[in-house]
Amino acid sequence: MNTVKRNPILSVFITVFIDMLGVGIIIPIFAPLIVRNGYGLISPEISEATRNLIYGILASTFAIFQFFGAPILGSLADKYGRKRILRISLIGTFIGYVLFALAIHYRLLWLVFIARALPGFMGGNISIVLASLADISDPKDRAKNFGLVGMAFGLGFILGPFIGGLLGKYDLAFPLWCTAALTLVNIVLVNIQFPETFKPSGLGKVSLLSGIRNVKKAFAMKELKIVFFTLFLQAFGFSFFMQFFQVYLIKKFDFTQLEIGHIFGYIGLWIAITQGLITRIVTKYFAPQTILRYTILGLSFSLWLILFPSQAWILLITQPLVAIFQGLTQPNLTSIVSVLSPGENQGEILGIQQSVQSLAFSIPPIVAGVVVSIDIRLPIFLAGLSIFFAWIVFIFGFKSQKLNSHFAKK
């Protein structure tokens, strides 16, 4: 049973906003740090193709460690409560950002890998936050509330990349120190105002191999396996875009970190509008499974549209489409997973979802690190192709009587 004393939605919103603000600050400096000239981390003599591959491996490091860490944190959140594990997760993230700043300052590439691995392993905080939100949400309101989390995500991406791009002009380590400071603030706020939304069971096994077991479990679930397969392909495709769009901007339009910050801030603005307003309106009239029939396909084609502009300003037209379709897709997929999950295992199931997504995020950066040297458009093309396959799987594979009964009034 839940032990909620006050509505935690505002606390959830603030927690996600600060977390995503920190993540957003890193975006404009991450790709230029490696692929442009190495900034002392990589010798200038190293070829461009090798730098692309190093960037791809580095980008995948976070997701690989998140694959192992997220389900462990999800299970621990069911066993010991959401708040305690969320606090531990944020502490690990804070340490990771400090190490990242030190790695840039002292020009230590090996420390960058450690700095991305630690917050990756401890970065299951979003699945914990979503579990907390699911604890206090009625099934019909879950997509709307998850959309609110998406709005916080988007707002963080509006300010984060802009701040990161601006601060990175002076010292690439400085944005990391700011991110660490923000995470420290988040830890204090969680400790003070984030309410416990779940009565800990004190039960359940925790294993380092939980990620592997969870992926097997995800694709063995009768009603959820098609949803998880859809989610995997969607995340697989979107990872190509998120990790290598910066590289595309650098190589095709010669973007600086400030310009990268501007374009990602613009994308964040549209994600915030979508998940804070459009999602709340659309979910009043349509069930998640209906919305996804259109948004997954729309996301696929909107990514392919990025390949055509020869002038950077045209991206101001194409990027809102990506943000809107992604902003509608993600919370509705999460809503379906939540509704079809047993109430007492929300943390575990959402941890499984995070494992599926982390596995999907871990592979594309390495693939893209190879193919981008063949053609800079290939990562974006593969992004749209994978999401198109996700749409086919969902259209022809997903059926759920339980879900239909939940949203019968829509």
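Before reading further, recall that the structure is shown in the block above.
Residues numbered from 1 in each chain as written. Predicted model: local features only at pLDDT ≥ 70, side-chain atom pairs only at ≥ 80, totals over all residues. Heavy atoms only, no water.

Caption draft 1: Structural view of a nonpolar patch on the surface. On the surface, a cluster of nonpolar side chains totalling about 580 Å² of accessible area is made up of Leu 269, Ile 273, Leu 277, Ile 281, Tyr 285 and Phe 286. Following the sequence through the fold, Leu 277 ends up in helix 10 (residues 257-285). When its relative accessible area of 48% is taken as the criterion, Leu 277 is described as partly exposed. (Patch = residues over 30% accessible without salt bridge, like charges linked within 9 Å, V, L, I, M, F, W, Y side chains within 5 Å. Areas by Shrake-Rupley, 256 points an atom, 1.4 Å probe, with all protein chains shown as cover. Salt bridge = Lys/Arg side-chain N within 4 Å of Asp/Glu carboxyl O. Helix = DSSP H or I, 4+ residues; strand = E, 2+ residues; numbered from the N terminus. Buried < 20%, exposed > 50% of the residue type's maximum accessible area, 1.4 Å probe, protein only.)

Caption draft 2: Region of interest: the environment of Lys 217. Residue position: Lys 217 is located in helix 8 (residues 210-218). For Lys 217, a relative accessible area of 35% translates into the label partly exposed. As for Lys 217 and Ile 352, which are separated by 135 residues in sequence, their C-alpha atoms are 8.2 Å apart.

Caption draft 3: How the structure looks around the nonpolar core. Ranked by size, the top nonpolar core spans 106 residues in total, and within it Ile 34, Phe 100, Phe 241, Phe 245 and Ile 306 carry the most contacts. When residues no more than four places from it in sequence are discounted, the contact partners of Phe 241 are Gln 246, Ile 267, Leu 303, Ile 306, Gln 319, Val 322, Ile 380 and Ala 383. (Core = buried A, V, L, I, M, F, W, Y, C linked by side-chain atoms within 4.5 Å. Contact = heavy atoms within 4.5 Å.)

Caption draft 4: Region of interest: helix 10. Between its first and last C-alpha, helix 10 extends 41 Å over 29 residues, near the 42 Å set by a 1.5 Å rise per residue. Helix geometry: helix 10 is bent most strongly at Ile 278, by close to 40°. (Expected span 1.5 Å × (residues − 1). Bend = angle between axes of the 7 residues up to and from the residue.)

Caption draft 5: Focus on the environment of Pro 28. Among the structural elements, Pro 28 can be located in helix 1 (residues 9-36). For Pro 28, a relative accessible area of 0% gives the class buried. Counting along the chain gives 132 residues from Pro 28 to Gly 160, while the straight-line C-alpha distance between them is 9.1 Å. What Pro 28 contacts, discounting residues up to four positions off in sequence, is Pro 161, Gly 164, Gly 165, Gln 257, Ile 260 and Gly 261.

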